[in-house]
Amino acid sequence: MKTRITTLLGIEHPIVLPGMTYVAVPELVAAVSNAGGLGILASGGLSAEECRLAIQQVRALTDKPFGVGCSLLLPGATECARVALQERVPVINVSMGRAEWVVQGAHAYGGKVIATVSNEKHARSAIDMGVDGLIVTGHEAAAHGGAVTSLVLIPAVRDMTDLPIIAAGGFADGRGLVAALALGADAVAMGTRFAASRESVVHAATKQLIIDKPAEDTIYSTNFDTYGCRVMHTPGGQKYTARRLGPGLVIARSWRAARELNTPLWPLMRDALRQGLVGAIKVAYFGAATLAMRKAIHQGDHDEGVQLIGQSQGLVHDMPTVFEIVERVMSQAADIVKTRLEQS
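Residues numbered from 1 in each chain as written. Predicted model: local features only at pLDDT ≥ 70, side-chain atom pairs only at ≥ 80, totals over all residues. Heavy atoms only, no water.

J.: Even after reading the chapter, I still don't get the overall build of the chain, so can you show me in this structure?
T.: When you go through the chain residue by residue, the secondary structure sums to 15 helices and 10 strands. In the chain, which comprises 344 residues, the proportion classed as buried is 57%. Taking all contacts inside the chain whose residues are at least 6 apart in sequence as the whole, residues at least 24 apart take part in 60%. (Helix = DSSP H or I, 4+ residues; strand = E, 2+ residues; numbered from the N terminus. Buried < 20%, exposed > 50% of the residue type's maximum accessible area, 1.4 Å probe, protein only. Contact = heavy atoms within 4.5 Å.)

J.: What exactly am I supposed to notice about the pattern of salt bridges here?
T.: Close approach of charged atoms allows side chains of opposite charge to pair. The final tally for this structure, using the stated rule, is 13 salt bridges. Note that Lys 213 and Asp 217 form a salt bridge whose closest N and O atoms lie 2.8 Å from each other. On the basis of relative accessible area, Lys 213 is assigned to the buried category, the value being 14%. Salt-bridge contacts for Glu 304 lead to Lys 239; the nearest nitrogen and oxygen are separated by 2.9 Å. Separated by 65 residues along the polypeptide, Glu 304 in the loop between α14 (276-299) and α15 (322-341) and Lys 239 in helix α11 (residues 235-241) bring together distant segments of the chain. By relative accessible area, which is 25% here, Glu 304 ends up partly exposed. Where salt bridges share partners, they join Glu 49, Arg 52, Arg 59 and Glu 87 into one cluster. (Salt bridge = Lys/Arg side-chain N within 4 Å of Asp/Glu carboxyl O.)

J.: Would you explain the packing of aromatic side chains in this entry?
T.: Aromatic rings in a pair are described by how distant their centres are and how their planes are angled relative to each other. Enumeration over the complete set of coordinates arrives at 1 aromatic pair. Each ring, one from Phe 224 and one from Tyr 240, has its centre 6.0 Å from the other, and the planes form 65 degrees; the classification is edge-to-face. Of this pair, Phe 224 sits in the loop between β9 (218-221) and β10 (229-232) while Tyr 240 is found in helix α11, placing the two residues 16 residues apart along the sequence. Above the ring of Trp 101, the side-chain terminus of Arg 82 is found at 5.3 Å from the ring centroid. Positioned over the ring face of Tyr 22 is Arg 294, at 5.2 Å from the centre of the ring. (Phe/Tyr/Trp six-rings, centres within 6.5 Å; stacked < 30°, edge-to-face > 60°. Lys NZ or Arg CZ within 6 Å of the ring centre and 35° of its normal.)

J.: I keep staring at the sheet that holds strand β6 (residues 133-137) and nothing clicks. Help me out?
T.: Two pairing modes exist for strands in a sheet, parallel and antiparallel, and in both the strands are linked by backbone hydrogen bonds. Taken in spatial order, the 8 strands of this closed barrel run β1-β2-β3-β4-β5-β6-β7-β8, and their pairing is parallel. Averaged over all pairs of adjacent strands, the angle between their axes in this sheet comes to 25 degrees, without regard to strand direction. Sheet analysis places strand β3 (residues 66-71) next to strand β4 (residues 91-95), joined by 5 bridges and oriented parallel. Residue pairing for β4: Cys 70 is matched across the bridge by Val 94. Contacts from helix α2 (residues 26-34) reach β1 (15-17), β2 (38-42) and β3 within the one sheet, and its direction differs from that of β2 by about 165 degrees. In the packing of helix α5 (residues 100-108) onto the sheet, the strands contacted are β4 and β5 (112-117), and the crossing angle to β5 comes to about 150 degrees. (Pairing = 2+ DSSP bridges. Axes fitted to C-alpha atoms, helices over the stretch in contact; angles between N-to-C directions.)

J.: Any chance you could explain the nonpolar core here in plain terms?
T.: Across soluble globular proteins, nonpolar side chains show a tendency to be buried alongside one another. The biggest cluster of nonpolar side chains holds 86 residues, and the ones touching the most others in it are Ile 55, Val 68, Val 131, Leu 134, Phe 194 and Phe 224. Ranked by the residues each element gives to this core, the list is headed by α15, at 7 residues. Sequence-distant contacts of Phe 194, that is, excluding residues within four places in its chain, are made with Ile 15, Val 16, Leu 17, Leu 28, Val 32, Ser 200, Val 322, Ile 325 and Val 326. Leu 9, Ile 40, Ile 114 and Ala 187 belong to the second largest nonpolar core, which has 13 residues in total. (Core = buried A, V, L, I, M, F, W, Y, C linked by side-chain atoms within 4.5 Å.)

J.: Please explain the pairing of β2 as it appears in this structure.
T.: Every regular strand shows the same layout, with side chains that alternate between the two sheet faces. Burial runs high along β2: 5 of the 5 residues are buried. The alternating pattern of β2 places Leu 38, Ile 40 and Ala 42 and Gly 39 and Leu 41 on opposite faces, both of which are buried. Between β1 and its parallel partner β2, the chain crosses via α2, and the hand of that crossover is right-handed. Relative to β3, β2 is paired through 4 bridges, and the arrangement is parallel. Among the inter-strand pairings, Ala 42 is bridged to a residue of β3, identified as Gly 69. (Right-handed = clockwise from strand over helix to strand, strands pointing away.)

J.: Where do I start with α2 in this structure?
T.: Of all the 9 residues making up α2, 7 are buried; the element is thus mostly covered by neighbouring parts of the structure. Of the positions making up α2, those classed as buried are Pro 26, Leu 28, Val 29, Ala 30, Ala 31, Val 32 and Ser 33. Looking at the buried positions of α2, the neighbouring elements they touch are β1, β2, α3 (48-61), β3, α9 (191-195) and α15. A positive phi of about 105 degrees marks Gly 36, the residue just after α2.

Encoded structure:
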């Protein structure tokens, strides 16, 4: 299937693995790219040198196009974006910040920049920055989807621009791909679906929860990290979203995360001071959330851990390989077009 995204990025299928922190690691990124889609490496939680090593690991596993995701307000993200530019990564996915310098740097070597947006205001800002495409993230998505559902947000952004669009939020199969194309998108991002693939590093117990839980079994709250964030409905998810984070709780969680992860807290504080009061609060909250995410993803602990997940978990019923997922999506989409959309 050819779309503007496949042409722009030089990939075979209009399917994307978004840069999910601690999930979109080199092995999964390369598996999606090798299957004909685009894998986006998560830089969240990585130092500059760790990011460089991860990029090199991806290149050792695939010769296909791939991307690096950088949420620019988060700790270390600016440094990782600079590394991605130095390594001439084919696609850089930016969010949460001004990225003109990333666009200029990528375009200098022929790279592409895709901005992740969750509302029309952010879409307009990204368009004005000169990006090459957009990931439009609806309310159904894992983590930081917006207030508007994909069904409305995607066509609303399409009315604003002719840029290629990757639809995110609620997409896990061929039906979703066809629907996204009808809404005006050119590809789909399927984070929750790939998180439950065989190649995913997500803990087996967490994968089984994704398979078992229905679509409505999630929590959407600003109490996890100050942004509107969708997490799996578990004891840990309930605990971390039950009340607003006050300064004392943030500091306690940040210190605990730093201690358990054997990571010094001063880099987090340094980044906070650089970003002013609002940035400091957001960075500190991110630090407080880091340990909870890792406990769910790496340990399968859902009493103290929190799994970011999309409503499309209700469409995930098994644990195939990445290649099988991509082939299944494309086959189902082709069948829908042939049997339900062709004119007689």
